[in-house]
Number of protein chains: 2
Amino acid sequence: MAVTAKSEQTRRLLIDTALRLFASQGYEKTTMRAIAAEADVSVGNAYYYFRSKDDLLHELYRSLQDEHRSLALPQIREGHNLGENLLAVLTAGLKTMAPYHGLGVHFLRDAIAPHRSGAAAVGRGKSIAMFRLAVASARPQPPLALRSDLPELLWLVHMGFTFFWVYDRSPGQRRSHRLAANLAPLMAKLVILSRLPVVRNLLEDVIRLLRSARRD
Amino acid sequence: MAVTAKSEQTRRLLIDTALRLFASQGYEKTTMRAIAAEADVSVGNAYYYFRSKDDLLHELYRSLQDEHRSLALPQIREGHNLGENLLAVLTAGLKTMAPYHGLGVHFLRDAIAPHRSGAAAVGRGKSIAMFRLAVASARPQPPLALRSDLPELLWLVHMGFTFFWVYDRSPGQRRSHRLAANLAPLMAKLVILSRLPVVRNLLEDVIRLLRSARRD
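Note that this is a predicted model, so its numbers are computed, not measured. (Residues numbered from 1 in each chain as written. Chains lettered and ligands numbered in written order. Predicted model: local features only at pLDDT ≥ 70, side-chain atom pairs only at ≥ 80, totals over all residues. Heavy atoms only, no water.)

## Comments concerning the side chain of Asp205 of chain B
Line of reasoning, step 1. By the secondary structure assignment, Asp205 of chain B is in helix 11 (residues 197–214).
Line of reasoning, step 2. Looking at Asp205 of chain B, its side chain comes within polar contact range of the side chain of Arg208 of chain B, at 2.8 Å.
Line of reasoning, step 3. Not counting residues up to four positions away in its chain, the partners in contact with Asp205 of chain B are Leu186 and Lys189 of chain A. (Helix = DSSP H or I, 4+ residues; strand = E, 2+ residues; numbered from the N terminus. Polar contact = N/O pair within 3.5 Å; in protein donor to acceptor, adjacent residues only side chain to side chain. Contact = heavy atoms within 4.5 Å.)

## Describing the packing of aromatic side chains
Line of reasoning, step 1. Taken as a whole and assessed by the stated rule, the structure comprises nine aromatic pairs over all chains.
Line of reasoning, step 2. Pairing Phe22 of chain A with Tyr27 of chain A gives two aromatic rings, centres 4.8 Å apart and planes at 65°, and the pair type is edge-to-face.
Line of reasoning, step 3. With centroids separated by 5.0 Å and ring planes inclined at 20°, the aromatic side chains of Tyr61 of chain B and Phe107 of chain B adopt a geometry described as stacked. Of this pair, Tyr61 of chain B sits in helix 4 (residues 53–72) while Phe107 of chain B sits in helix 6 (residues 104–111), and the two are 46 residues apart along the sequence. (Phe/Tyr/Trp six-rings, centres within 6.5 Å; stacked < 30°, edge-to-face > 60°.)

## What to know about the UniProt feature "domain: HTH tetR-type" (unreviewed entry) in chain A
Line of reasoning, step 1. If you check UniProt for "domain: HTH tetR-type" (unreviewed entry), the listed places come out as residues 8–68 of chain A in our numbering.
Line of reasoning, step 2. When the span residues 8–68 of chain A is considered, its composition is 80% helix and 0% strand, and the gap between its end C-alpha atoms is 21 Å. (UniProt positions renumbered as here; feature names shortened; annotations may be inferred.)

## Quick word on the domain arrangement of chain A
Residues and elements named next belong to chain A.
Line of reasoning, step 1. When its domains are assigned, chain A resolves into domain 1 (1–51) and domain 2 (54–215).
Line of reasoning, step 2. Placing the centre of domain 1 and that of domain 2 at their C-alpha centroids yields a distance of 31 Å.
Line of reasoning, step 3. Residue-level contacts link twelve residues of domain 1 with nine residues of domain 2.
Line of reasoning, step 4. Across the interface of domain 1 and domain 2, roughly 1000 Å² is buried in total on both sides, 72% from carbon and sulfur atoms. (Domains from an automatic or database assignment. Buried area = accessible area lost by both parts, 1.4 Å probe.)

## Here's the deal with helix 4 (residues 53–72) of chain A
Line of reasoning, step 1. In this model helix 4 of chain A runs 29 Å from its N-terminal to its C-terminal C-alpha over 20 residues, within 8% of the 28 Å that 1.5 Å per residue would give.
Line of reasoning, step 2. Of the positions making up helix 4 of chain A, those classed as buried are Lys53, Asp55, Leu56, Leu57, His58, Glu59, Leu60, Tyr61, Leu64, His68, Arg69 and Ala72 of chain A. (Expected span 1.5 Å × (residues − 1). Buried < 20%, exposed > 50% of the residue type's maximum accessible area, 1.4 Å probe, protein only.)

## Digging into the environment of Met97 of chain A
All names here are of chain A.
Line of reasoning, step 1. Within the secondary structure, Met97 is located in helix 5 (residues 82–97).
Line of reasoning, step 2. As for Met97 and Ala119, which are separated by 22 residues in sequence, their C-alpha atoms are 19 Å apart.
Line of reasoning, step 3. Other than its neighbours up to four places away in sequence, Met97 contacts Tyr61, Leu64, Phe107 and Trp165.

## Describing the side chain of Asp110 of chain B
Line of reasoning, step 1. Position of Asp110 of chain B among the secondary structure elements: in helix 6.
Line of reasoning, step 2. With residues up to four places along the chain from it excluded, the contact list for Asp110 of chain B reads Arg109 of chain A together with Asp54, Leu57, His58, Tyr61 and Arg116 of chain B.

## Some thoughts on the relation of the copies chain A and chain B
Line of reasoning, step 1. Turning chain A through 180° and shifting it by 0.0 Å along the axis lays it on chain B, with an RMSD of 0.0 Å. On the angle and the small slide along the axis, the relation comes out as a two-fold axis. Scanning chain A for the C-alpha nearest the rotation axis identifies Arg109 of chain A, at a separation of 3.1 Å.
Line of reasoning, step 2. Comparing interface residues between copies, 100% of those in chain A also lie at the interface in chain B; the contact surface is shared. (Least-squares fit on C-alpha atoms with pLDDT ≥ 70 in both.)

The following block contains the structure:
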């Protein structure tokens with residue numbers, strides 16, 4: 001067990017050192033060699049833990065996604081309305097990612113890399129589960145016809161939101177904060193209005209379109 | 001003038017050779033050195049035309065975007081309804097990009113690279129102009145209140161569509177073709193229904209949200 005603890009310690013040390021170097025000299029200019037030297041770990045040993053700098057970044061991104069969920073889940077409350085629950089999820093994400101905004105574009109590139117498609121599917125599933133909880137706990141309950149497809153729809157909107165955040169260069173990403181504050185109630189309003197036939201009809205069209213797109 | 005023609009010829013030869021090698025052995029494995037050798041151009045000369053393999057890919061992507069517009073513009077016709085015009089734009093895009101689907105993920109990574117933001121803004125402007133024409137030529141005319149913001153909204157939807165295409169592994173990207181065939185009339189329907197207060201209200205909310213997101 002001591003070995004495992006030591007090993008986890010070295011892993012963590014490499015991630016923390018990489019983060020510091022990414023922040024101070026940029027992702028592109030940071031080499032595995034420099035990370036190993038700065039962490040006082042041999043290059044061979046560093047490569048034992050991470051096959052490449054990209055792998056290190058990927059691990060960091062994954063752990064941030066877990067952190068986002070840990071922060072968001074306790075704030076999704078039964079009795080809150082859907083807008084409040086959504087805002088809690090978006091705000092927790094902004095808070096978790098804020099220190100790493102400079103790496104945003106690299107997270108994006110990591111997420112869309114073809115060899116990551118397996119890992120991406122796992123992350124996607126966990127993220128949809130978070131929106132499923134936000135929907136299931138919302139009071140009033142979203143219309144039954146929407147309840148099963150809504151989490152994936154919200155996840156898609158969240159993807160767009162993340163894209164926006166990556167390219168948001170306003171101080172403290174205040175434009176993203178404003179967008180979150182506007183987007184959450186708008187989605188909630190859309191769901192409420194879906195009780196009207198014309199809106200329900202449009203949403204059903206969107207859901208049909210998504211289902212058909214998923215089908216091979 | 002002869003020099004310019006020769007120079008353009010070499011540039012074109014390098015792009016065509018790169019394309020062939022990207023297709024046969026993949027983007028990652030193709031080096032500038034291999035491209036130069038295969039094109040029978042000195043390595044130094046190849047670097048004179050393109051600073052890197054990424055630059056070559058970027059040029060290719062740009063020329064495909066121009067090709068997409070050249071193919072789409074004559075098919076956007078006054079008197080067609082909005083759905084027909086949109087489908088013409090989407091279909092022209094699928095047709096232009098089809099031979100390069102294997103490079104899709106690399107185009108995406110190029111488009112979101114931070115050092116490309118200037119070039120990306122130009123491409124975005126040209127693309128929005130294409131949707132502006134699709135909106136302006138549509139009969140019946142979309143409601144006046146929407147006309148100025150609709151092109152950007154359609155461009156955003158098109159971005160999502162492009163993302164979908166990149167990850168569409170169905171034979172001949174038939175899922176993307178089906179999505180285009182469903183998406184175009186749905187967007188047109190949404191615009192028509194925007195004459196109803198409840199739908200107009202929602203669309204105005206979306207537009208307000210986009211405007212506010214753009215503001216610093």
